[in-house]
Every structure is written in structure tokens, then in C-alpha cells.
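Spelled out, the chains give:
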Amino acid sequence: MTQPTQPTPPTPRPQPNPVSLPTEAAKLGELLRAPGYLKTLLFCGLVGIPVSLAAFWFLAGLQELQRLLWVDLPQAAGFDSPPWWWPLPLLLVSGFCVGLIVTHFPGAGGHVPASGLHPSGSGPAVLPGVILAAVFSLPLGATLGPEAPLIALGGGLAVALRHLTGTPETPMSTALLGAAGSAAAIAAIFGNPLIAAVLLMEIAGVGGPRLFAVMLPALLSSGIGSLVFTGFGRWTGLSTGNLKLNPGVEFPRLDLGDVVWSILIAVVISCAVHLIQHGGRLTAVHVAGRPLLVTTLCALAAGACAAAYALGTGLNPADVASSGQDTMGRLVADPHAWGVGALIAVLLCKGAAFSLCLGSLRGGPIFPSLFLGAAAGILCSPLPGLGVGAGLAAGMAAATVSALRLPVSTVILVVLVLGSTAMMPVAILSTVVAFVTAELLPPGPPVPPIGRTPRPAH
């Protein structure tokens, strides 16, 4: 009698050797041991010195030109402050000159602010247009900040220095140098190397080993650049502006009212900023068809917003025709000095001017967003259970993250601006709610390319 055959057990599949798996740590180790990366890292640290010096003089020049146009010239003409009509001729000149730059210069004077912040992917060829467009936009009354031109300036200058030194040109070295140069330049306006590095990492949208690859050069360059920038400012006595505010109110303990109101404020502000950005994108669509004419008309309309604000409130038109950095300092230092009517007027007029400038002139969205959020937070602060501190944190966080879509950078920015971590829970909650709300809203029209495209560098 034959025995029944036993079923042959399945052959076990060969298991991969865990050592051979390309783990994230192994990838990072290989990256750090690569000679090319280490050389690039060293050069990124060195490039922070000239980039920070260039950023210093760029910002100091903008500040001095703005003071000349908005303080010295009105006083020389016999006015204590700029009259209501003052923004109209300045922004008319601004729009016309930026329109010419967009039409005739490679790179069109930099990217359109309505498309948000971007990592520096431009080469040295676009730098003249970027610098000139910023000079004819920001000091003359554009409702924009200097961070976007700084990013382009730092990245383009770093790549230009690479060409001068003969450093090997590879896609990775170009990306790392661009990030390092941009971080060193952006640290100048924020006065903090950490926020510069985090901001650039979030803009680039990298993760895993790529995160560390970009983070290390950005941190190194921004840290060295911050040291040079701070020391150089003390030596020369020139000012480039200070982001940190001195709130004229105490930050009490948070309670349930702060939490509930911060959620509602975040939703409302996110929807309002979405409308501003949508208007900016529509403006950019029209500018793409006729850059010179439409840019001039949009800049003049932004000046009309500032003039209407000054006529209606009797206040300085520079509250609207500026990035809002200086005005925000005065607003937060004495929030009770601003009446409800003045707050509503500055929100409406500056929001309209911001939307027009987003699609036509050149600059960045951070400072106007921070100002609009601060003004909205102070306007809402009389709500039952909501304090001024929580209103400021919730408003600035919601407006900034809705404009940038960079949640981590937004929280760090708000804490840095307020100079206190007491309102961090409200800032985080408002950031998350506003970010989700902004992502769920329908996207606006795409921003078309405008102006001449620079030839690729050889």
C-alpha cells in the first residue's frame, strides 16, 4: 500500500536584506559623504556674506527712497504729512515704469505677486529687471513687501557668484545655491535666520533627504548672512526696518472665548483674502494682454484707493500706499487709538489696493497680509470673550497663511512679530483652520506668464 504523497511546502520567498534597503538615513549619509555636496555646502556658507551685504544695501536704499518720497518731499513742499492726492502721481509713475520693465526686460521684473512666493529659479540675467521693478514699486507706494525681490536677488546673486568662481554647474548645486542665497537675503528683512530657512524649505516643498539637502545650506547661509547683516547695520547706522512689534497690550491667559472666536475669525479672513487674491489673479490676466497700459491703470487705481482713504479719514495715505510694516507697528503699539471707522476704511482700501498691486506691480504678499490680519484682529477684539492679543494672533495667522499657504512659516512669523509665545495656541489653531478653508475654496484663474523670457544660461 503506497503512502500518500505529502504536499510540497511552498518555497519561501527570499527576504530582502535589511542592510541593502535604501533607507532614508542611508540616503542622507550618502548625500553628506558626497564630495560635491560638501563643497557646495561650504560655498553656500561663504555666499551668505556677499548676499547679505547686497540685501542690506538694497533694503536700506528702499527705506531711504521711501522716506525721501513720503516724508522729506512733503515737508519740503510745506505739508506736515503727505496730502490726500500724493499717492496719485507717485503710483502713476510707478505703474508706467514697471510696465516698461515688464515689457522690455528679461524676466519681466520678477514673478507676478498674485502667483505667490516661489523659490528662486532665476539666473543673474533677470536681476536688473527685478531690482528696477522693486525700486519703482515699493518706495513709490505699492501695497506689497520686499520679500519676493529679496528671494530673487539672493538666489540670482548666489548663482552668479558660482559662475565667477568656476564651481561645477549641476542641477543640485544650482538648486542649493539658489536656496542658500535666497535664505541669506530673506533673513535680512525678517532679522531671523530660522524663519528664513523654514520659509525657503516650505516654498520649495521638499521632504526626506531633499529636506536636509536644502535645509543645511539655507541654515548655514542665513545664519552667516544674519551675523554680517546685523553687524553691518550697526556699523553704518542705517535702518532697513524691524519686523518685531511692541504690542501696547498685555497677553492674558487664553480662555474658551479666544478659541471659539479664533476659529470663526480664521474662516472669515481666509475667505476675504481669497477674494483679494482672486482679484489679483484677474488683474494679472488683463496685464498679460497689455502690460504697459493695464499696469499703469492698476497702479493709478491703487493710488486712488490710498487717496480715498486719506480723504475719508483724514489720516496719512501711506497707511494704504505701503507694505504696511511701519503702520502695523503704530497700530499694534496703540490699538485703541484707531477707531472702528478708521479700521474698516484701512481694511477696505488697503485690501483693494493690495489686490490691484498683486496682479500688476512687483513685490511680495507677506507684509500687507500681516497688516490686514492685525487690523482685522483689532477690529474684532471687542467681541465678548476675545482680547486684543488673541485677536492679533488669530488675524495675522489667518491672513498670512491664506496668502502664502505656508502653515509652519506662518506660525513662526506670528510668534516672531508678537515677540511672545503666549498666543501660539491661537496662532496655530487659526493657521490650521484658515489653511484648510483656503484649500477648500475654488482656485482662481491661473496667472499667465508676462513679459520676456530670459535666455537659459550656458
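**A word on the overall build of the chain**
Counting secondary structure elements, the chain contains 16 helices and zero strands. A total of 458 residues make up the chain; the buried ones form 51% of that total. Contacts spanning at least 24 positions in sequence make up 82% of the contacts within the chain whose residues lie at least 6 apart. For the chain, the exposed surface amounts to about 20,100 Å²; the carbon and sulfur share of it is 69%.

**Quick notes on the environment of Gly181**
For Gly181, the position within the fold is in helix H6 (residues 171–190). For Gly181, a relative accessible area of 0% puts it in the buried group. On a C-alpha basis, the gap between Gly181 and Gly48 in space is 6.3 Å, while along the polypeptide they are 133 residues apart.

**Remarks on the side chain of Thr296**
Along the polypeptide, Thr296 turns up in helix H10 (residues 291–313). Sequence-distant contacts of Thr296, that is, excluding residues within four places in its chain, are made with Leu92, Gly95 and Phe96.

**Quick look at unusual backbone geometry**
Although it is not a glycine, Ala108 sits at a positive phi angle of roughly 55°. In this model, Arg405 sits at a positive phi of 60°, which is unusual for a non-glycine residue. By relative accessible area, Arg405 is classed as partly exposed at 28%.

**Regarding the nonpolar core**
Counting residues in hydrophobic clusters, the biggest one holds 109 residues, and the most contacted among them are Leu150, Ile186, Phe190 and Met396. Sort the elements by how many residues they give to this core and helix H14 (residues 388–404) lands first, with 12 residues. Residues contacting Ile186, with those up to four places away along its chain left out, are Glu147, Leu150, Ile151, Ala196, Leu199 and Leu200.

**Examining the packing of aromatic side chains**
Taken as a whole and assessed by the stated rule, the structure comprises three aromatic pairs. Taking 5.3 Å as the distance between ring centres and 85° as the angle between the ring planes, the aromatic pair formed by Phe56 and Trp57 counts as edge-to-face. Owing to a relative accessible area of 47%, Trp57 belongs among the partly exposed residues under this scheme. Ring centres 5.5 Å apart and planes at 45° place the aromatic pair Trp85 and Trp86 in the tilted group. Classification of Trp85 by relative accessible area gives partly exposed; the value is 35%.

**Focus: the pattern of salt bridges**
According to the stated counting rule, one finds two salt bridges in the structure shown. Salt-bridge contacts for Arg330 lead to Asp319; the nearest nitrogen and oxygen are separated by 2.9 Å. Taken together, the residues Arg330 in helix H11 (residues 325–333) and Asp319 in the loop between H10 and H11 connect sequence positions 11 residues apart. Owing to a relative accessible area of 45%, Arg330 belongs among the partly exposed residues under this scheme. When the shortest N-O distance is used, the salt bridge between Arg405 and Glu439 registers 3.1 Å. Residue Arg405 is located in the loop between H14 and helix H15 (407–418), and its partner Glu439 is located in helix H16 (residues 424–440); the two are separated by 34 residues in the primary sequence.

**Quick notes on the confidence of the model for the chain**
Chain-level pLDDT for the chain is 82 on average; 75% of the residues reach the 70-or-more range. The model gives residues 453–458 a pLDDT under 50, and that stretch makes three contacts with residues more than four places away or in other chains.

**Observations concerning the environment of Ser94**
Among the structural elements, Ser94 can be located in helix H3 (residues 87–104). For the pair formed by Ser94 and Leu361, sequence separation is 267 residues and the distance between their alpha carbons is 8.1 Å. Apart from the residues within four sequence positions on either side, Ser94 is in contact with Phe136, Ser137, Leu140 and Leu361. A distance of 2.5 Å separates a polar side-chain atom of Ser94 from the backbone oxygen of Phe136.

Conventions and cut-offs
Residues numbered from 1 in each chain as written. Predicted model: local features only at pLDDT ≥ 70, side-chain atom pairs only at ≥ 80, totals over all residues. Heavy atoms only, no water. Helix = DSSP H or I, 4+ residues; strand = E, 2+ residues; numbered from the N terminus. Buried < 20%, exposed > 50% of the residue type's maximum accessible area, 1.4 Å probe, protein only. Contact = heavy atoms within 4.5 Å. Areas by Shrake-Rupley, 256 points an atom, 1.4 Å probe, with all protein chains shown as cover. Core = buried A, V, L, I, M, F, W, Y, C linked by side-chain atoms within 4.5 Å. Phe/Tyr/Trp six-rings, centres within 6.5 Å; stacked < 30°, edge-to-face > 60°. Salt bridge = Lys/Arg side-chain N within 4 Å of Asp/Glu carboxyl O. pLDDT = per-residue confidence, 0-100. Polar contact = N/O pair within 3.5 Å; in protein donor to acceptor, adjacent residues only side chain to side chain.

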